[in-house]
Amino acid sequence: CPNESVENILLLPFCSLDKKTSNLTSNRFVWLDDIQAFTAETFRIDKKPDPANWAYKSLYRGDIARYKRRGDSCLGIDAKKQCITWDSSASKRKQLQRRPERYFTKNNVKMLNTDGIPVCNKSSPSDPTAFIPVFQMETDDPSDTTDVNPLGIYDPSTTVWLQGKGCKSTDHEPVNTQQTIQEPGININSILMTKVEEHNKKVRENPRDINAWMEFVSFQDELMRGPSPYASKGEQEVRRKSLKLILEKKLAILERAIESNPSNVDLKLARLKLCTEFWEPPALIKEWQKLIFLHPNNPELWKKYLLFCQSQFTTFSVSKINSLYGKCLTTLAAVQDGTMVSHPLLPGTEEAMLAIFIQQCHFLRQAGHSEKAVSLFQALIDFTFFKPDSVKDLPTRGQVEFFEPFWDSGEPRIGEKGARGWKAWMHQQEKGGWIALKPDDDDEEIDEDQEIKDKSLPKWHIWLDIEYSREARHWLPWRPDKTKKETEEDCEDPERQVLFDDLGPSLIQLSNPDLQRQLLYSFLQFLGVPCTSKLFPSNLYIAMDENNIFESVLSDEKPLTSVSFPLSGFNSIGHMDTMLRGRHHIGHYKEGEEFIQNVFHVLFLLFSGKEKSNLSICWLQYEISKVVQCLQAKNKKKLKAQGRKSKKLAKNLLKEPDNRNHLSLWKLYAYLEWLLGNIDDARKVFDTALCTAGTGGCKSPQLCSLSLLYAQLEVELLESTEGAVISRAVHILTKLAESGPYVPYSGQVLSVNVLKARKTYEHALQDYLSKPSVSDQDQVSDANQLVNLVGCYALFQYLTVGIDAAVLIYAQTSEKLEAPGPQKCENTGENFGIQNFPTALEAITLLHTNLLRFHMKISVYPLNPLREALTEALKRYPSNQSLWRSYIHIQRKSHSASKARRFFDGVTRSTNSLEPWLFAIQAEQLRKKLTENVQRADIGEIHSTIPETGLTNRIVALFEHAVQSENGTHCPLLWRMYLNFLASLGKKEKSKGLFYKALQNCPWAKVLYMDAVEYFPDDLQETLDLMTEKELRVRVPMEELDLLLEV
């Protein structure tokens, strides 16, 4: 070998080494360092010759030529007699190891994202979708089959080329080829460029067209998906799909649009929405403040600004947001009064002000500041309904200044004993103050239950118990009792006192009587009293926080008369339940129930006639709702006590002179008796009411409604439709059609009377459907009457003819109501955001589906008619919770979920409502639960009939899509459900991450924090610190809990 450095070279074993080194060299190689004693004599024998040393006379690898074999052929051999087998196992192995690329790989994603090449038939340009035929080559010429083309499969140009003769059109071929290659790109680019030019032309020629600007902004997404139309010819531009690039382009377009339309709010809002992606919160808030400063009279802008500030976790605190609500209402009140002369009053401002006020009350309730929310309602009701005549002409702020002394005087307020109102207080002040009254003897201190019942429970568990208990008992504002010589210093929890500064800025004037009524019903709903009106759409989903929208109250046992509470999904005051525990108690504690009773007594003094009767109905519905909850909880002891109280109230209400002939109250009282199981007593009440009702027949809405409920309750007692023709239900419906005095059921129904009743119903229905619409109030009455009439007629046909006859009536009525023209199902309250009743078509659909469900329960009937009726109804009314409950109830029995999934997907794409998302998630969760129950059942070998995989991933995907939707982002209920689902899977770290993500969107929702305490008990202190930092109401500080545990 040539002389080389011998440092760190590998040695081969050789003979001259003695025994000392034999152990070291027993392996194939040995390092020089290991045999330092023999460095002078060590050498290396390389037995493997290197031919390159001889060929190139050099050891440098750059001088040595390297070869790669191309192909498996060899020059100079006879292919027929000789062949060479090349050993290429390594390359084959490499080829085998390379797997085909999946659809999500970089190259395939790129290919899928490119638009298809538009193809059109040149022979028929007018019909671009026509089939393009493939023209066959004529091959009749026998000369085509030659040695080069034995099968006749090559075209002439290929044959000529194979013969080595060349082609006459060779010169033109490269041009054609190039055209063919470039044509697809030219087509795509030309289309995109044309669209760009069109958009530019639109906004250039008509810069005031806001829709054109918005379309141009949306078009940027489509433009960025394909290759750039501005790339140079033949050059394939590779562009990174940068989100920031798209946003900056959109922002530039919007800024151009705002220059042309400086007063347009929609463009500015779109710009702010884009800026949220890459601006910091402080910068965004400054931009919002500028926008509000320019448009202080725009209530819709205020709503969006409030929601934005409310959902900014970094800058959020309850006091800050509450003062912002006050500022908003003060500003809009100044615009309404005309004191802000710089900006005009926009239409719908008063309605929007009430919506913002109610949103503020729900915000405070959700943040745990129940006392402030109740005080706000108390103050506005006093400010609206008990206003002295002497201050009515003053602007709002002037009236508020007069109201403050009354509020701070210590006089009883709405809902408290002895409340007389602001007006009476002002009159009395002018005369010389109130006369001191002696306290009632029965007003004794209520002993509260012991707060800590079991000290052995974990600390977090005890904290939740006490926090919940205080939420339920202490939601009323604390006031010093002057008869007991109490002062403000005697209050143990200063947060329970509400200062006028917290509510003064939020007081507004409501002149519209409908809005005044809406305020009252909103307060009653806030207290947990079911009313017929709904919340305003703008604050519907951010106030939704209770997991009771999936509960079908008595729906499975009694499909015809199932109770549907409006506003399910909203916690009433005093209820702050975690997801795992559910609702602790029914109704309110004694103080709360007395407060509601006092509120009703005050409202009864304000109204008379029909409005007073409606309030009585609300009160009785509240009592019925508590009875239904007792039935649902199967608490017999509580049911008995609640039944006694509710019956006492119902009788007292019916004793009132105004209510004695009010059939709606009689109906509710009879229904209450029926629910309590006193069926004979309920029948007596129904019969008495029908006997005293007179002879209005089908034309009396109240009589129709009473007869329908009575008949439905009787039908639900039937076990089959056999003998239904002579049942009590048919007797009730026949007597209604006769329009004569009611005679109680004697056990038989004459066939002649049945035939007469059928004719009467038919004519009455035709009259109503062809009746022209009149005033709004009559429209409401007509719609309700039509619903009751159709319900009675369909039930009558069901009992006397069969289910098909009843379904036919529903179908005919729905068809008439769907027809264009003046419809009686219009919602009269739509102009000011109030929905006083469901539309007639919606109510008729509910009756239709409920009847089908009942029929399927008592007899064999295919599922398809019910499924079709529900799907059609839900496409029209995607936010109807009762219909969704029925839909998932029938779908959970189906083995195949694909139809339901397709339907849910279609509805969620076509509407902004959140209910389809919530019920789609619930349907999948029920399916998962069913699958797990089947697989875990301990009954030996199981052959699963529901081969479902990936349900968990599907549910998570649904949640992710739902929380990204416009209404879902700030819905506390949706985040609670998502958090509960992840926690139920045992994914603690993921759940914790999701909790903080939920707080980024809903930092005001106290229930989220309480759920987190239950899921992550180790982080109790951290969660409480976070709540304190954000100023959410913590009723049991950790220091107090430690003291209570020590006692």
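Criteria and cut-off values
Residues numbered from 1 in each chain as written. Predicted model: local features only at pLDDT ≥ 70, side-chain atom pairs only at ≥ 80, totals over all residues. Heavy atoms only, no water. Helix = DSSP H or I, 4+ residues; strand = E, 2+ residues; numbered from the N terminus. Buried < 20%, exposed > 50% of the residue type's maximum accessible area, 1.4 Å probe, protein only. Contact = heavy atoms within 4.5 Å. Areas by Shrake-Rupley, 256 points an atom, 1.4 Å probe, with all protein chains shown as cover. Expected span 1.5 Å × (residues − 1). Arc of directions from axis to C-beta. Polar contact = N/O pair within 3.5 Å; in protein donor to acceptor, adjacent residues only side chain to side chain. Patch = residues over 30% accessible without salt bridge, like charges linked within 9 Å, V, L, I, M, F, W, Y side chains within 5 Å. Salt bridge = Lys/Arg side-chain N within 4 Å of Asp/Glu carboxyl O. Axes fitted to C-alpha atoms, helices over the stretch in contact; angles between N-to-C directions. Parallel < 35°, antiparallel > 145°, perpendicular 65-115°, else oblique. Left-handed = near helix turned anticlockwise from the far one by under 90°. Nonpolar A, V, L, I, M, F, W, Y, C, P; charged D, E, K, R; others polar. Core = buried A, V, L, I, M, F, W, Y, C linked by side-chain atoms within 4.5 Å. Phe/Tyr/Trp six-rings, centres within 6.5 Å; stacked < 30°, edge-to-face > 60°. Lys, Arg positive; Asp, Glu negative; His and termini not counted. Charge placed at Lys NZ, Arg CZ, Asp CG, Glu CD. pLDDT = per-residue confidence, 0-100.

Details of the overall build of the protein chain
Now for step 1: Scanning the protein chain for helices and strands turns up 40 helices and 2 strands.
Now for step 2: Within the protein chain, the fraction of its 1047 residues that count as buried is 47%.
Now for step 3: In the protein chain, the share of contacts with a sequence separation of at least 24, taken over all contacts with a separation of at least 6, comes to 66%.
Now for step 4: Accessible area of the protein chain: about 57,900 Å², with a carbon and sulfur share of 52%.

Description of helix α35 (residues 951–964)
Now for step 1: A rise of 1.5 Å per residue sets the reference length of α35, with its 14 residues, at 20 Å; its end C-alpha atoms lie 20 Å apart and thus fit the reference within 8%.
Now for step 2: Burial in α35 covers these residues: Leu951, Ile955, Leu958, Phe959, Ala962 and Val963. Within α35, the buried residues cover an arc of 125° as seen down the axis, which keeps them to one side. In α35, the exposed positions that point more than 90 degrees away from the buried face belong to Asn953 and Gln964.

What about the side chain of Asn1001?
Now for step 1: The residue Asn1001 is located in helix α37 (residues 988–1001) in this model.
Now for step 2: Judged by its relative accessible area of 17%, Asn1001 falls in the buried class.
Now for step 3: Polar side-chain contacts of Asn1001 include one of 3.1 Å to the backbone oxygen of Lys997.
Now for step 4: Once residues lying within four places of it in the same chain are set aside, the contact partners of Asn1001 are Ser311, Thr969, His970 and Trp975.

Observations concerning a nonpolar patch on the surface
Now for step 1: On the surface, Leu151, Ile153, Tyr154, Trp161 and Leu162 cluster together to form a nonpolar patch covering roughly 610 Å² of accessible area.
Now for step 2: One can find Tyr154 in the loop between α4 (106–113) and α5 (156–162).

Section: the environment of Leu620
Now for step 1: Inspection of the secondary structure assignment puts Leu620 in helix α21 (residues 609–633).
Now for step 2: Note on Leu620: relative accessible area 1%, which makes it buried.
Now for step 3: On a C-alpha basis, the gap between Leu620 and Pro530 in space is 9.5 Å, while along the polypeptide they are 90 residues apart.
Now for step 4: Sequence-distant contacts of Leu620, that is, excluding residues within four places in its chain, are made with Ser646, Ala650, Leu653, Leu665, Leu668 and Tyr669.

As for the packing of helix α14 (residues 370–385) against helix α19 (residues 513–526)
Now for step 1: Close contact between α14 and α19 brings their axes to 11 Å; oriented N to C, the two are set at 155°. Considered as vectors, α14 and α19 are oriented roughly antiparallel to each other. Where α14 crosses over α19, the two elements pack in a sense that is left-handed. Mapping the contact onto sequence places Ala373, Val374, Phe377, Leu380, Ile381, Thr384 and Phe385 in α14 and Gln516, Leu519, Leu520, Ser522, Phe523 and Phe526 in α19.
Now for step 2: Taken together, the residues that form the contact of α14 with α19 break down as 10 nonpolar, 3 polar and no charged.

Description of the nonpolar core
Now for step 1: With 260 residues, the main nonpolar core has Phe357 and Tyr761 as its most contacted residues.
Now for step 2: In this structure, Tyr761 is in contact with Cys698, Leu733, Leu736, Ala737, Leu789, Cys792, Tyr793 and Phe796, ignoring residues within four places of it in sequence.

What about the packing of aromatic side chains?
Now for step 1: Applying the stated rule across the entire model yields 40 aromatic pairs.
Now for step 2: Measuring from ring centre to ring centre gives 6.2 Å for Phe403 and Phe500, while their planes differ by 45°; the resulting arrangement is tilted. With Phe403 in helix α15 (residues 396–408) and Phe500 in helix α18 (residues 500–503), this residue pair connects regions lying 97 residues apart in the sequence.
Now for step 3: Taken together, a centroid distance of 4.3 Å and an interplanar angle of 5° make the contact between Phe686 and Tyr710 stacked. Here the residue Phe686 occupies a position in helix α24 (residues 679–692), and Tyr710 occupies one in helix α25 (residues 701–717), the gap between them amounting to 24 residues.
Now for step 4: Given a relative accessible area of 0%, Tyr710 falls into the buried group.
Now for step 5: One aromatic cluster is present, formed by Phe383, Phe403, Phe406, Trp407, Trp422, Trp425 and Phe500 through successive ring pairs.

As for α14
The α-helix advances 3.6 residues per turn, and as a result positions three or four apart in sequence lie on the same side.
Now for step 1: Between its terminal C-alpha atoms α14 stretches 23 Å, which fits the 22 Å expected from 16 residues at 1.5 Å a residue.
Now for step 2: Along α14, 16 of the 16 residues are buried, which leaves the element largely enclosed by surrounding structure.

What about the packing of helix α11 (residues 299–310) against helix α12 (residues 318–337)?
Now for step 1: Between α11 and α12, the shortest axis-to-axis distance is 10 Å and the interhelical angle comes to 175°. Taken together, the axis directions place α11 and α12 in an arrangement best described as roughly antiparallel. Along its contact with α11, which presents Pro299, Trp302, Tyr305, Leu306, Cys309 and Gln310, the element α12 presents Ile321, Leu324, Tyr325, Cys328, Thr331 and Leu332.
Now for step 2: The residue makeup of the contact of α11 with α12, split by class, is 10 nonpolar, 2 polar and no charged.

Remarks on the side chain of Glu1014
Now for step 1: Within the secondary structure layout, Glu1014 lies in helix α38 (residues 1006–1015).
Now for step 2: When near neighbours in sequence (up to four residues on either side) are disregarded, Glu1014 contacts Trp460, Leu464, Thr578, Leu580 and Arg581.

Remarks on the pattern of salt bridges
Now for step 1: Under the counting rule described, the total for this entry stands at 32 salt bridges.
Now for step 2: Notably, a salt bridge pairs Glu371 with Arg1033, separated by 3.2 Å at the nearest N-O pair. A residue pair is termed long-range when its members are at least 10 positions apart, and Glu371 in helix α14 and Arg1033 in the loop between α39 (1020–1029) and α40 (1038–1046) qualify at 662 residues.
Now for step 3: By relative accessible area, Arg1033 is classed as buried at 2%.
Now for step 4: The salt bridge partner of Glu471 is Arg1035, with a shortest N-O separation of 3.3 Å. With Glu471 in helix α17 (residues 459–473) and Arg1035 in the loop between α39 and α40, this residue pair connects regions lying 564 residues apart in the sequence. Each member of the pair, Glu471 together with Arg1035, is buried.
Now for step 5: Connected via shared salt-bridge partners are Glu371, Glu467, Glu471, Lys1006, Arg1033 and Arg1035.

Thoughts on a negative patch on the surface
Now for step 1: A cluster of like negative charges, contributed by Glu401, Glu404, Asp408 and Asp501, occupies part of the molecular surface.
Now for step 2: With 3 residues, the top contributor of residues to the negative patch is α15.
Now for step 3: One can find Glu401 in helix α15.

Section: the confidence of the model for the protein chain
Now for step 1: Predicted confidence across the protein chain gives a mean pLDDT of 79, with 79% of residues reaching 70 or more.
Now for step 2: Confidence drops under a pLDDT of 50 for residues 435–449, and excluding neighbours within four residues, the segment shows 9 contacts in the predicted structure.

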